[in-house]
Amino acid sequence: MTWRPRLAEGTAPALVFLLLLLIGLAIVGPAYSEPAGYLALLKRAAPLMILAIGQYLVIVSGGFDLSVGALVTAGVVIAARLIDGDESAAAWVIPLVLGFGLLVGLVNGLITTKLLVPSFIVTLGMLLVLDGATFLWTGGAPRGALSEGFRMFGRGAAEVPLLGAVPWSVLILLAILVAAVLFMRGGTGRALVAVGDNEATVRLSGGQVDRLRLLAFALSGLLAAVAAILLGGFAGVSAQVGNGLEFRAITAVVLGGVLLGGGRGSVVAAAAGALSLESLFTLLNLLGVSGALKSAVQGVIIIVAVAYASLGGGVRQRLRLWPKQRNHVRPAQPASSS
Amino acid sequence: MSTLQENTVPARQRTTRAAVHRRLHPTVIVYLALVALLVVGSVLVGLRGEVLLDQNGILNILTRATALGLVAIGQTMVILTGSLDLSVAYLVGLTSLIAAQTMAGQDGMILPGVLLALAVAAGVGLVNGLVITVLKAHAFIATLGVALILRGYLEDNYTGPAGDVPRAFQHLGYDRIGPVPVAALLMLAVAALAWWYLTRTRPGYHMYAVGGDIEVARLSGVRTRRTIVTAHVLCSVAAGLAGIYLASRLGSGAPYVGTDAGYDLESIAAVVLGGTLLAGGRGGIAGTIGGVLILATLDTTFDALEVDPFFKDVVRGVVLVTAVALYARRMTANRAHGRLT
């Protein structure tokens with residue numbers, strides 16, 4: 001048996017785009033001529049990549065999760081308030097934050113699957129509730145402080161044999177990425193992609209559609225909590241820490257060639273999309289593009305990337321303006337995911 | 001709208017479900033909810049010894065509803081067509097600036113300012129529509145991309161309010177007849193126009209058809225691309241009107257007047273609250289106006305009750321999800337399988 005890389009549709013262009021950006025970084029930035037520079041980039045990108053992996057799970061199963069940005073803010077603010085500089089508190093606050101993320105994801109998933117509310121609306125509502133509740137609880141401004149033990153994951157580094165000091169966030173990211181790839185290759189992951197592709201078929205062939213989508217939302221919430229812990233450590237306590245992250249994560253996933261509406265794309269490509277986005281910001285910084293124009297460039301690039309993906313994808317996807325889960329007759333596609 | 005909905009129900013079901021169907025019409029629920037909210041709000045405010053629906057209260061509700069209403073009218077058309085528009089918030093800011101800067105305090109420049117702002121808005125809508133139809137980008141990404149481009153332009157060129165609206169034009173924002181602001185009446189007129197367009201004209205029907213099932217619409221001979229582009233142009237023009245109105249109220253253009261109010265997600269919330277299906281094909285303007293009025297009434301009531309502003313967001317989120325959950329339940333009563341995203 002010879003092993004060949006199985007790349008899902010849309011993965012190759014995403015990886016090429018990332019490679020181009022990394023080469024561009026190497027040319028423009030002197031810091032990027034050695035591994036340390038890329039390691040720092042990876043460390044910066046880790047929270048967004050983790051968010052993108054969670055968002056991928058939801059998007060590929062045919063939904064949206066707009067609540068992750070607010071969830072990150074809530075996670076950081078809650079942790080800061082509960083720890084309040086107390087070193088020993090981190091040990092129970094970290095599981096609490098993770099549990100909170102999982103809970104929010106479960107609520108999103110339950111409302112989506114049991115009450116049949118579109119996930120866009122559920123998570124939009126959750127965004128409003130989380131934003132409001134967080135600030136209601138803290139009285140308008142985040143209070144407290146994070147402890148060193150908590151912040152270690154976001155900015156500390158661990159000694160790894162052979163490699164030297166590797167940031168914790170990179171190790172966590174790699175662990176999550178490997179787990180996600182294995183998950184997506186397994187039966188549950190494939191069923192999740194199938195739900196996004198054609199929900200009715202999965203239902204008719206005996207798949208647990210509701211349970212799968214619930215799982216996707218729960219994992220997205222959990223991963224958002226992980227990202228909150230990393231971002232809190234990296235950037236400190238701020239009420240704006242999660243602002244706009246939901247759109248950035250969705251952009252990253254789409255940049256990775258994942259089809260909005262579900263059913264197509266790989267988790268590696270989604271993570272690569274997030275890394276591309278972060279590299280793009282770094283590159284624009286190095287090129288001296290003013291902060292204001294950055295978002296304009298970002299806007300042009302995501303439109304071009306998506307247009308390229310769907311025009312290259314051919315007629316098959318042309319009619320999918322909005323995920324409708326109708327029984328489109330489409331040629332069978334082996335849903336390989338990696 | 002009702003005719004269209006009846007047509008989509010299979011004949012056999014119609015005989016058995018007709019009564020249920022009429023009773024459960026989302027638009028009716030929206031206005032019943034609005035009345036209930038007004039009653040509850042009046043009682044709660046009354047307990048504090050104040051009156052919710054005095055002249056000031058009505059004025060407050062209608063003023064809040066005007067700008068959001070204009071944006072939401074446009075958003076309704078886009079969502080009915082099966083698309084959505086995330087660029088409206090920045091567009092509102094941009095058009096307010098264009099209008100105010102063109103007017104530059106001169107009475108003679110009012111008309112050119114308004115026309116230029118609307119033309120730019122239509123241009124942005126055209127870009128949205130073309131990116132979606134020709135470049136085949138998903139509406140979410142296409143309009144998010146355009147929003148980012150507009151944001152970059154605004155951040156690069158403006159740091160704060162700019163332009164000057166002549167006093168004569170400020171009458172648009174502040175004149176009123178009794179407790180009713182003129183601008184609110186104009187907003188309702190735009191709503192009536194949009195309602196007529198959607199329910200009484202061929203292009204309006206096509207929007208429902210494209211939103212219902214784009215493939216079926218295309219096979220039936222509807223020019224789906226043209227319909228989607230039209231919806232986006234109309235949506236952006238409506239957002240432009242909101243920008244012009246806000247410029248007249250503020251006396252100048254403000255780059256972040258649209259994003260501070262969150263008109264992008266808020267307008268989508270109002271549309272969906274009004275009973276329009278996010279996936280397109282069902283709903284209408286009447287429900288949207290009801291949804292806008294509910295949001296405005298909630299805000300006004302909470303202000304009168306002096307509730308913590310952050311609590312408003314929580315309630316708004318809960319109301320939104322609850323309302324859509326109710327609609328979804330009612331839809332599953334009509335369909336064997338309600339499959340929503």
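Residues numbered from 1 in each chain as written. Chains lettered and ligands numbered in written order. Predicted model: local features only at pLDDT ≥ 70, side-chain atom pairs only at ≥ 80, totals over all residues.

Draft legend 1. Examining the overall build of chain B more closely. A count of helices and strands for chain B gives 16 helices and two strands. If you line up chain B on its principal axes, its C-alpha atoms span 65 × 55 × 30 Å. A total of 341 residues make up chain B; the buried ones form 53% of that total. Contacts in chain B between residues far apart in sequence, at least 24 positions, make up 78% of those at least 6 positions apart. (Helix = DSSP H or I, 4+ residues; strand = E, 2+ residues; numbered from the N terminus. Buried ≥ 20, exposed ≤ 12 C-beta atoms within 10 Å, placed from the backbone. Contact = placed C-beta atoms within 7 Å.)

Draft legend 2. Geometry of the UniProt feature "transmembrane region" (unreviewed entry) in chain A. Residues and elements named next belong to chain A. UniProt feature "transmembrane region" (unreviewed entry): in the numbering of this structure it lies at residues 49-78, 90-111, 117-139, 160-183, 214-237, 249-275 and 295-315. With 77% helix and 0% strand, the stretch residues 49-78 has end C-alpha atoms that lie 22 Å from each other. End-to-end, the C-alpha atoms of residues 90-111 are 31 Å apart, and along that stretch the chain is 100% helix and 0% strand. (UniProt positions renumbered as here; feature names shortened; annotations may be inferred.)

Draft legend 3. Geometry of helix H11 (residues 245-255) of chain A. Residue and element names in this part refer to chain A. Counted residue by residue, H11 has ten buried out of eleven residues, so it is predominantly covered. Turning to H11, its buried residues number three or more, namely Leu245, Glu246, Arg248, Ala249, Ile250, Thr251, Ala252, Val253, Val254 and Leu255. In the segment just after H11, Gly257 is the residue with positive phi, at about 85°.

Draft legend 4. Local environment of the confidence of the model for chain A. Residue and element names in this part refer to chain A. Mean pLDDT over chain A stands at 83; residues scoring 70 or higher make up 89%. Low pLDDT, under 50, characterises residues 314-320; the stretch is placed with seven contacts to residues that sit more than four places away or in other chains. Counting contacts from residues 322-329, a segment whose pLDDT is below 50, to residues more than four positions away or on other chains yields 19 contacts. (pLDDT = per-residue confidence, 0-100.)

Draft legend 5. Spatial organisation of the interface of chain A and chain B. Facing the 49 residues of chain A at the interface are 49 residues of chain B. Going through the elements one at a time, helix H5 (119-138), H11 and helix H13 (291-313) of chain A are the ones with two or more residues in the side of chain A that touches chain B. Classifying every residue of the side of chain A that touches chain B gives 31 nonpolar, twelve polar and six charged. (Nonpolar A, V, L, I, M, F, W, Y, C, P; charged D, E, K, R; others polar.)

Draft legend 6. Structural view of the packing of helix H9 (residues 182-200) of chain B against helix H15 (residues 285-305) of chain B. Residue and element names in this part refer to chain B. Where H9 meets H15, the closest approach of the two axes is 9 Å, and the angle between their N-to-C directions is 150°. Regarding the angle of H9 to H15, the classification is roughly antiparallel. Residue-level contacts link Ala191, Ala194, Trp195 and Leu198 of H9 to Ile285, Ala286 and Ile289 of H15. Residue composition of the contact of H9 with H15, by class: seven nonpolar, no polar and no charged. (Axes fitted to C-alpha atoms, helices over the stretch in contact; angles between N-to-C directions. Parallel < 35°, antiparallel > 145°, perpendicular 65-115°, else oblique.)

Draft legend 7. Quick look at the nonpolar core. Among the nonpolar cores identified, the biggest contains 210 residues, and Met49, Ala52, Ile53 and Ala270 of chain A together with Val71 of chain B are the most heavily contacted of them. Among the elements that take part in this core, helix H10 (residues 209-235) of chain A stands out by supplying 18 residues, more than any other. (Core = buried A, V, L, I, M, F, W, Y, C linked by C-beta atoms within 7 Å.)

Draft legend 8. Highlighting the confidence of the model for chain B. All names here are of chain B. Predicted confidence across chain B gives a mean pLDDT of 86, with 90% of residues reaching 70 or more. In the model of chain B, helix H1 (residues 2-8) stands out as the element of lowest mean pLDDT, 44, in contrast to helix H6 (residues 110-133), which has the highest, 95. Throughout residues 1-22 the model reports pLDDT below 50, and contacts reaching past four residues in sequence, or to other chains, amount to twelve contacts. Note that pLDDT drops below 50 for residues 336-341; the model gives that stretch 17 contacts with residues more than four away or on any other chain.

Draft legend 9. Expanded view of unusual backbone geometry. A positive phi angle is found at Leu116 of chain A, which is not glycine, with a value near 60°. Summarising the element assignment, Leu116 of chain A is placed in the loop between helix H4 (90-114) and H5. What makes Leu116 of chain A partly exposed here is the crowd of 19 C-beta atoms within 10 Å. Positive phi values are uncommon outside glycine, yet Glu306 of chain B reaches one of about 55°.

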